[in-house]
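# Topology and contacts: notes
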There are 2 protein chains.
Amino acid sequence: MQNAIIIIIGNEILSGRTLDKNSNFIAGRCSKIGISIDEIRVIPDRVKIIKKTILEASKKYKNVFVTGGIGPTHDDITAVSIALAFKKKLVINKKAKQLLEDYYKSSKFELNESRMKMAYFPAQSKLIMNSVSAAPGFNIKNVWVMAGVPKIMQAMFLEGVEPRLKKGKVFFSKTLKIEKPEGDIAEDLKNLSEEFDSIDIGSYPFYNPPKIGTNIVLRGKDLKLIEKAIKKISNILKQSNILFSID
Amino acid sequence: MQNAIIIIIGNEILSGRTLDKNSNFIAGRCSKIGISIDEIRVIPDRVKIIKKTILEASKKYKNVFVTGGIGPTHDDITAVSIALAFKKKLVINKKAKQLLEDYYKSSKFELNESRMKMAYFPAQSKLIMNSVSAAPGFNIKNVWVMAGVPKIMQAMFLEGVEPRLKKGKVFFSKTLKIEKPEGDIAEDLKNLSEEFDSIDIGSYPFYNPPKIGTNIVLRGKDLKLIEKAIKKISNILKQSNILFSID
């Protein structure tokens, strides 16, 4: 079973200033390549906490996806924290240095000491390249560290992380939407989830009057079984004269 | 120091199907009432995991805010998991039962057995009422359990949770926005953060070409000190001919 945790590093998420969209992107991609996201954590920009969280996560999960804290400023402390976690030195990476030199030579900005910080990684890290920015992310053991800026993070994940991950069996997901509150079909769903216990059957009410209803989501690795369960619940809904759509 | 963890219970977030907006709402409110959110966790709909996570969180943090899993369907297992965590029985709450009976009497829906599940809580829980839906959330020890549906969760937090929380000293936050990459001012920010070490100074680049720049966020409990730091960084930016706006 391929599983993973997503760790979002960033005070700006914890303060409510910024809405985290990175974990949703990574989770969505992982569904498509058969990796189960078992946990998401948002933690502050603090060396001790990052170090401890990464170390525990690396032992517990097959993959650890990390975003944030790899830029040039004083609050970018992810690389040093992970070096400490794995008892590695923080060393300059020649390829990353070259990338930064090439990029800043052709830009109007200066490759100053702060920016050169972005060429330092825990020893034995591999770079995670991307086509949007010059500064790379890095991979060490089962930990994949990406930028916090969504556009850059997404490029890193799609180009530099996903192709190197061990894929699992893809998850299939089907949604039945009804314009009834979930309490009307709770008993049927309970029976269904007992009968199809290898399918994850979720009931998600929505409440935005006048739009009130429920999305019934069936998720699992056996598409035929999902379709069988969909058929069964469709018949029940028809018998109860409840309208539904399938997505 | 008033601190808290937010625990989001929901497979739909972990699968990437749904973007969690509840933690952002709670975090934003907590900033305004001086409660520091030290961690956010998203965990699956699994009794064992919910039980363990709540128990640990309840010991570690002053407040534990939980959303999700309190509806009428088979996947709503938050109340039973928390009862197990605190070794309490799951008991019917007369007031909640009355609320449900009143609501369903005047609605076109039936108060069936599944819906009656929403009147059961860990013994000694207090109800969290809200003006949007009939079914209440609950509070036990330092744990506050709210609905997963954003509109209902928000009503519960604002009406039934926030008024009962012990407030801390409010956080003030000021943002300086520049249209330069953060590497240009990293050295200055480092010095500033060392000089003003009781202020949390964050540097948040944005990258949506042609919009490229940095938000410098100063956050802390001493407004005068923040203003002093803002003045200092403003002068530095002026000297470097970097345009900025303050928010």
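Structure: see above.
We now turn to the structure provided with this report. (Residues numbered from 1 in each chain as written. Chains lettered and ligands numbered in written order. Predicted model: local features only at pLDDT ≥ 70, side-chain atom pairs only at ≥ 80, totals over all residues. Heavy atoms only, no water.)

### Considering the overall build of chain A
When you go through chain A residue by residue, the secondary structure sums to nine helices and twelve strands. For chain A, the spread of C-alpha atoms along the three principal axes comes to 70 × 35 × 35 Å. Taking the contacts inside chain A whose residues are at least 6 apart along the sequence as the reference set, 68% of them involve residues at least 24 apart. Of the roughly 11700 Å² that chain A leaves accessible, carbon and sulfur atoms contribute 52%. Where the 41 positive side-chain charges of chain A centre and where its 26 negative ones centre are 7 Å apart. (Helix = DSSP H or I, 4+ residues; strand = E, 2+ residues; numbered from the N terminus. Contact = heavy atoms within 4.5 Å. Areas by Shrake-Rupley, 256 points an atom, 1.4 Å probe, with all protein chains shown as cover. Lys, Arg positive; Asp, Glu negative; His and termini not counted. Charge placed at Lys NZ, Arg CZ, Asp CG, Glu CD.)

### Let's talk about the sheet that holds strand 11 (residues 211–220) of chain B
All names here are of chain B. The antiparallel open sheet is built from four strands, whose spatial order is 10-11-9-12. Whereas interior strands pair on both sides, the edge strands pair on one side only; in this sheet they are strand 10 (200–208) and strand 12 (244–246). Taken pair by pair, the neighbouring strands of this sheet meet at an average axis angle of 20°, ignoring direction. Across seven bridges, strand 9 (residues 172–178) lies against strand 11 in antiparallel orientation. If you follow K177 over to strand 11, its bridge partner there is N215. Packing of helix 9 (residues 223–239) onto the sheet brings it into contact with strand 9, strand 11 and strand 12, and relative to strand 9 it is tilted by some 10°. (Pairing = 2+ DSSP bridges. Axes fitted to C-alpha atoms, helices over the stretch in contact; angles between N-to-C directions.)

### Concerning the relation of the copies chain B and chain A
Turning chain B through 180° and shifting it by 0.0 Å along the axis lays it on chain A, with an RMSD of 0.0 Å. With respect to symmetry, the two chain copies, as superposed, fit the operation of a two-fold axis. Scanning chain B for the C-alpha nearest the rotation axis identifies R41 of chain B, at a separation of 2.3 Å. Both copies share a contact surface, since 100% of the interface residues of chain B are interface residues in chain A too. (Least-squares fit on C-alpha atoms with pLDDT ≥ 70 in both.)

### Considerations on the interface of chain B and chain A
Across the contact, 58 residues belong to chain B and 58 residues belong to chain A. Buried area between chain B and chain A, summed over both chains or domains, comes out near 4700 Å², and the portion from carbon and sulfur atoms is 54%. Taken together, chain B and chain A are joined by four salt bridges. For R41 of chain B, the salt bridge identified is with E39 of chain A, shortest N-O distance 3.9 Å. (Buried area = accessible area lost by both parts, 1.4 Å probe. Salt bridge = Lys/Arg side-chain N within 4 Å of Asp/Glu carboxyl O.)

### Examining the pairing of strand 1 (residues 3–9) of chain A
All names here are of chain A. For strand 1, the buried fraction is high: seven of the seven residues fall into the buried class. Burial along strand 1 is two-sided: the residues N3, I5, I7 and I9 and A4, I6 and I8 are all buried. Two elements, strand 1 and strand 2 (residues 36–43), share seven bridges in a ladder whose sense is parallel. Within strand 2, the residue paired with I6 across the bridge is I40. Pairing geometry for strand 1 and strand 3 (residues 63–67), over five bridges, is parallel. (Buried < 20%, exposed > 50% of the residue type's maximum accessible area, 1.4 Å probe, protein only.)

### Quick word on unusual backbone geometry
Of the consecutive residues P209 of chain A and P210 of chain A, the connecting peptide bond is found in the cis state with omega at 10°. Residue placement: P210 of chain A occurs in the loop between strand 10 (200–208) and strand 11 (211–220). At Q124 of chain B, a position not held by glycine, the phi torsion is positive, near 75°. Within the secondary structure layout, Q124 of chain B lies in the loop between strand 5 (120–122) and strand 6 (126–128). Judged by relative accessible area, Q124 of chain B falls into the exposed class, the value being 64%.

### Description of a positive patch on the surface
On the surface, R46, K48, K51, K59 and K87 of chain A cluster together to form a positively charged patch. By the secondary structure assignment, K87 of chain A is in the loop between helix 4 (78–85) and strand 4 (90–92). (Patch = residues over 30% accessible without salt bridge, like charges linked within 9 Å, V, L, I, M, F, W, Y side chains within 5 Å.)

### A short note on the environment of I199 of chain B
All names here are of chain B. Within the secondary structure, I199 is located in the loop between helix 8 (186–195) and strand 10. Its relative accessible area of 7% is what places I199 among the buried residues. Once the C-alpha coordinates of I199 and K211 are considered, the two residues, twelve residues apart in sequence, prove to be 28 Å apart. Setting aside residues no more than four positions away along its own chain, I199 makes contact with L218, R219, L225, I226 and A229.

### Regarding the packing of helix 2 (residues 22–32) of chain B against helix 7 (residues 150–161) of chain B
All names here are of chain B. Close contact between helix 2 and helix 7 brings their axes to 10 Å; oriented N to C, the two are set at 20°. Comparing their axes, helix 7 and helix 2 come out roughly parallel. The hand of the helix 2/helix 7 crossing is right-handed. The residues of helix 7 that touch helix 2, namely those facing N22, F25, I26, R29 and C30, are P150, M153, Q154, F157 and L158. The residue makeup of the contact of helix 2 with helix 7, split by class, is seven nonpolar, two polar and one charged. (Parallel < 35°, antiparallel > 145°, perpendicular 65-115°, else oblique. Left-handed = near helix turned anticlockwise from the far one by under 90°. Nonpolar A, V, L, I, M, F, W, Y, C, P; charged D, E, K, R; others polar.)

### As for the sheet that holds strand 7 (residues 137–140) of chain A
In a beta sheet, neighbouring strands pair by backbone hydrogen bonds and run either parallel or antiparallel. Read from one edge of the open sheet, twelve strands run 6(A)-7(A)-8(A)-3(A)-1(A)-2(A)-2(B)-1(B)-3(B)-8(B)-7(B)-6(B), paired in mixed fashion. The open sheet is flanked by strand 6 (126–128) of chain A together with strand 6 of chain B, the only strands paired with a single partner. Along the sheet, successive strands turn relative to each other by an average axial angle of 20°, direction set aside.

### Comments concerning the packing of aromatic side chains
Within the structure shown, the criterion is met by eight aromatic pairs over all chains. Ring geometry for Y103 of chain B against Y104 of chain B: centres 4.9 Å apart, planes inclined by 90°, an arrangement best described as edge-to-face. Residue class for Y104 of chain B comes out buried when judged on its relative accessible area of 13%. Here the aromatic residues F25, F65 and F157 of chain A are joined through ring pairs into a cluster of three or more. For R219 of chain A, the ring lying beneath its charged end belongs to F171 of chain A, and the centroid distance is 4.2 Å. (Phe/Tyr/Trp six-rings, centres within 6.5 Å; stacked < 30°, edge-to-face > 60°. Lys NZ or Arg CZ within 6 Å of the ring centre and 35° of its normal.)

### So, the nonpolar core
Among the nonpolar cores identified, the biggest contains 112 residues, and F65 and F157 of chain A together with F65 and F157 of chain B are the most heavily contacted of them. When neighbours within four sequence positions are excluded, F65 of chain B is seen to be in contact with A4, I5, I6, I7, I26, C30, I37, W144, M146, F157, V161 and L165 of chain B. (Core = buried A, V, L, I, M, F, W, Y, C linked by side-chain atoms within 4.5 Å.)

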